[in-house]
Amino acid sequence: MSYKVFQPNDAGGKGKSTISIKKSGLNFSRKVTRMYFKEIDFVELYYDEDKKRIALKPSRIKTENCYAVRGNHNNKRVTAKDFLVHCNCSHLIGKKYDTIWNDSLKMLEMQL
């Protein structure tokens with residue numbers, strides 16, 4: 001067996017486009033923060049009950065149905081406990097999900 005060099009950026013999921021479900025809402029990975037929410041202050045949340053999918057639509061302006069995006073340039077989050085309860089996702093607390101950008105809908109999607 002030969003040695004393989006360890007790449008620190010791959011450790012612990014760093015560099016991956018993921019969102020974690022936390023007790024208070026959704027936490028974005030560094031990659032998600034920098035790629036989709038770098039200068040974004042708001043987000044609309046969507047849930048597809050049939051496909052068990054959550055989508056986030058970044059917004060620069062506050063709309064009637066948006067949530068505030070909080071955090072710094074490395075790590076952002078959305079406090080959305082009511083959304084998780086509404087979608088019956090509270091049991092998923094502590095889990096991390098890969099995300100995919102849907103260019104036609106301009107939304108970030110995650111399959112639960």
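This report concerns the structure included in the present document. (Residues numbered from 1 in each chain as written. Predicted model: local features only at pLDDT ≥ 70, side-chain atom pairs only at ≥ 80, totals over all residues. Heavy atoms only, no water.)

## Description of the pattern of salt bridges
Thought 1: Scanning the entire structure with this criterion turns up one salt bridge.
Thought 2: Two residues, K106 and D103, come together in a salt bridge whose shortest N-O distance is 3.1 Å. (Salt bridge = Lys/Arg side-chain N within 4 Å of Asp/Glu carboxyl O.)

## Quick word on unusual backbone geometry
Thought 1: The phi angle at K52 is positive, at roughly 55°, despite the residue not being glycine.
Thought 2: Here K52 is to be found in the loop between β3 (42–48) and β4 (53–59).
Thought 3: Of note, N88 is a non-glycine position whose phi angle comes to about 60°, a positive value.
Thought 4: Its place among the elements puts N88 in the loop between α2 (81–86) and β7 (96–102).
Thought 5: Classification of N88 as exposed rests on a relative accessible area of 59%. (Helix = DSSP H or I, 4+ residues; strand = E, 2+ residues; numbered from the N terminus. Buried < 20%, exposed > 50% of the residue type's maximum accessible area, 1.4 Å probe, protein only.)

## Looking at the environment of Y3
Thought 1: In this fold, Y3 is placed in the segment before β1 (18–22).
Thought 2: Residues Y3 and Y46 lie 43 residues apart in sequence; the distance between their C-alpha atoms is 45 Å.

## Re the nonpolar core
Thought 1: One finds F28, F37, L45 and L56 to be the most contacted residues of the largest nonpolar core, which totals 24 residues.
Thought 2: Elements represented by at least two residues in this core include exactly β1, β2 (25–28), α1 (30–36), β3, β4, β5 (66–71), α2 and β8 (107–111). (Core = buried A, V, L, I, M, F, W, Y, C linked by side-chain atoms within 4.5 Å.)

## Section: the packing of aromatic side chains
Thought 1: For the structure on display, the rule yields two aromatic pairs.
Thought 2: Ring centres 4.5 Å apart and planes at 25° place the aromatic pair F28 and F37 in the stacked group.
Thought 3: Note on Y36 and W101: the rings are 4.9 Å apart at their centroids and 10° apart in plane angle, and the pair reads as stacked. Pair noted here: Y36 is in helix α1 and W101 is in strand β7, with a separation of 65 residues, a long-range link. (Phe/Tyr/Trp six-rings, centres within 6.5 Å; stacked < 30°, edge-to-face > 60°.)

So far we have only geometry, and geometry alone does not tell us how the molecule works.
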